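The lines below spell out each chain.
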Amino acid sequence: MDDQGASEHLTRLVIFNTSFGIRPNLFNLKEYYQPFNKEIMNNIVNLAFKGGGVLGIAYAGAIEVLEEKQMLQQVQRVAGTSAGAITAALLSLRYNAAEILQIVQSTDFKSFEDGWNPLRVTTKYGLYEGNTFLSWIRQRITNKGLSETATFADFKNAGMRDLHVYATDLNSQGLKEFSFEQTPNVIVAEAVRSSMSIPLFFEAWTFSNNNPDNHIYVDGGMVYNFPITAFDNGNPNPQTLGFFLQNLSGTQTNTGLTYDHLLKYVSDLFDTMLDAQSIDFNQNAEEKERTVVIDNLGISATNFGLTDQQKQDLYNSGKKYTTAYLAKLAPAAVAS
């Protein structure tokens, strides 16, 4: 591509993304320009999803774009933490975009706030039981012909995509990976339940059969909320595409937190933790290069009482920013 062609191409990118509400002054235009490279899109075989509570609804829109561009069919491995683990599990089970959208639309996320009991914080370290969610993810698994106690080995034997889920092990004070490679005999539903155990919000998790151990687990987002490096082998893997939820408005709001509001305190604490990890991501050029950043619209990760309109807005945001990112990689392919 000559200089004139590159200039025209860059202009089209700026116009295209401005139409999506992305302000050009957010980008260094020289870094933003990349030559047409359809091969990058064709070679994506790994997907990684950041945690983010209910904000993971946005991933349904992103997945629809990948399917439309015939990228989803080539994906072999998926990784996720917390809400990202839920999305990764659905993709591992080979739910398609339409099925995932239907799941999102039909799920009453408010029902996940089950068995409210402030006293449980002092015993099992969570306001809510988390049993409704566990039943929900088990149903997603049995709907694909597997047992609700299916293990990572069962997933592999059934031809599911290679699944990697992350949780925080409080006993070892570190990260725990659940996968066929690391924990073949661990129950997948329980691994996902451990990964989404928002501290103090949901009851901390221990595995029912003590496999892999009898440790206490909480949300993987505490230490590894964005598993973009899950499939790296010493160097960044160019075949991995990540999805990162972030408030792109840049506006900080006063949540109105005061004393004597335990649930609000837990919610704001978790949101602050997620925002802090965004600082590290924004300073890592290598991770940003292979990541779709999706606007979370300023919605709290623990707002389980989402309206239908908020669900739709998050879904649309996932579609919008995934489309824009792929246009940056290969504009002609996206336009086709």
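Scroll up to find the structure.
Nothing here was measured: the structure is a model prediction, and the numbers come from that model. (Residues numbered from 1 in each chain as written. Predicted model: local features only at pLDDT ≥ 70, side-chain atom pairs only at ≥ 80, totals over all residues. Heavy atoms only, no water.)

Trainee: Residue-level account of the environment of Arg290, with values.
Mentor: With respect to the element layout, Arg290 can be found in the loop between helix 11 (285-289) and strand 9 (291-295). Apart from residues no more than four positions distant in its own chain, Arg290 is found in contact with Ile228, Thr229, Asp232, Pro236, Asn237, Thr240, Leu241, Gly242 and Tyr325. There is a polar contact of 2.5 Å between the side chain of Arg290 and the side chain of Glu286. (Helix = DSSP H or I, 4+ residues; strand = E, 2+ residues; numbered from the N terminus. Contact = heavy atoms within 4.5 Å. Polar contact = N/O pair within 3.5 Å; in protein donor to acceptor, adjacent residues only side chain to side chain.)

Trainee: Explain the pattern of salt bridges to me, and be specific about the residues and the numbers.
Mentor: For the coordinates displayed, the defined rule picks out eight salt bridges. Of the charged contacts in the structure, one is a salt bridge between Glu129 and Arg120, with a shortest N-O distance of 3.5 Å. Of the residues examined, Arg120 reaches a relative accessible area of 11% and is grouped as buried. In the salt-bridge network here, residues are joined through shared partners; they are Arg120, Glu129 and Glu203. (Salt bridge = Lys/Arg side-chain N within 4 Å of Asp/Glu carboxyl O. Buried < 20%, exposed > 50% of the residue type's maximum accessible area, 1.4 Å probe, protein only.)

Trainee: I'd like to hear about the packing of aromatic side chains, residue by residue, with values.
Mentor: In this structure the tally under the stated criterion is 19 aromatic pairs. In this structure, Lys50 is placed above the aromatic ring of Phe244, and the distance from its NZ or CZ to the ring centre is 4.0 Å. The ring of Phe180 carries Lys156 above its face, with NZ or CZ at 5.1 Å from the centroid. (Phe/Tyr/Trp six-rings, centres within 6.5 Å; stacked < 30°, edge-to-face > 60°. Lys NZ or Arg CZ within 6 Å of the ring centre and 35° of its normal.)

Trainee: Hey, could you go over the nonpolar core for me, with residue numbers and the actual values?
Mentor: Leu47 and Phe243 are the most contacted members of the largest nonpolar core, which has 81 residues in total. In terms of residue count, the dominant contributor to this core is helix 4 (residues 58-68) (seven residues). Counting five residues, the second-largest nonpolar core is a separate cluster that includes Phe226, Ile228, Phe244 and Phe281. (Core = buried A, V, L, I, M, F, W, Y, C linked by side-chain atoms within 4.5 Å.)

Trainee: Explain the environment of Ser208 residue by residue, including any values.
Mentor: Residue position: Ser208 is located in the loop between strand 6 (200-202) and strand 7 (217-219). Spatially, the C-alpha atoms of Ser208 and Glu190 are 8.2 Å apart, while their sequence positions differ by 18 residues. Apart from the residues lying within four places of it in its own chain, the contact partners of Ser208 are Ile187 and Glu190. Within the structure, the side chain of Ser208 is placed 2.6 Å from the side chain of Glu190, a separation counted as a polar contact.

Trainee: So what about helix 6 (residues 97-106)? Which residues, and what values?
Mentor: Since the α-helix packs 3.6 residues into each turn, any two residues three or four apart lie on the same face. Within the span of helix 6, buried status applies to Ala97, Ile100, Leu101, Ile103 and Val104. One side of helix 6 carries all its buried residues, which in axial view fall inside an arc of 160°. Facing away from the buried side of helix 6, by more than 90 degrees, are the exposed residues Ala98 and Ser106. On the buried face of helix 6, the contacting elements are helix 4, helix 5 (83-92), helix 7 (131-142) and helix 12 (308-329). Its side-chain oxygen 3.2 Å from the backbone nitrogen of Ala98, Asn96 forms the N-cap of helix 6. (Arc of directions from axis to C-beta.)

Trainee: Mind laying out the packing of helix 7 against helix 9 (residues 188-195), listing which residues take part and the relevant values?
Mentor: How two helices sit against one another is set out by the angle between their axes and by the gap between those axes. Closest axis-to-axis distance for the helix 7/helix 9 pair is 9 Å, and the angle between their directions is 140°. Taken together, the axes of helix 7 and helix 9 are oblique relative to one another. The two elements helix 7 and helix 9 meet at a crossing, and its hand is right-handed. Touching Phe133, Leu134, Ile137, Arg138 and Ile141 of helix 7 are Val188, Ala189, Glu190, Val192 and Arg193, all from helix 9. Here the residues of the contact of helix 7 with helix 9 sort into seven nonpolar, no polar and three charged. (Axes fitted to C-alpha atoms, helices over the stretch in contact; angles between N-to-C directions. Parallel < 35°, antiparallel > 145°, perpendicular 65-115°, else oblique. Left-handed = near helix turned anticlockwise from the far one by under 90°. Nonpolar A, V, L, I, M, F, W, Y, C, P; charged D, E, K, R; others polar.)

Trainee: Summarise the packing of helix 4 against helix 12; cite the residues concerned and give the values.
Mentor: Two elements in contact, helix 4 and helix 12, have axes whose closest approach is 6 Å; the angle formed by their N-to-C orientations is 40°. Judged by the inter-axis angle, helix 4 sits oblique to helix 12. Here helix 4 runs over helix 12; the crossing is right-handed. Across the interface between the two elements, Ala58, Ala60, Gly61, Ala62, Glu64, Val65, Leu66 and Glu68 from helix 4 touch Leu314, Tyr315, Gly318, Lys319, Thr322, Thr323 and Leu326 from helix 12. Split by residue class, the contact of helix 4 with helix 12 holds eight nonpolar, four polar and three charged.

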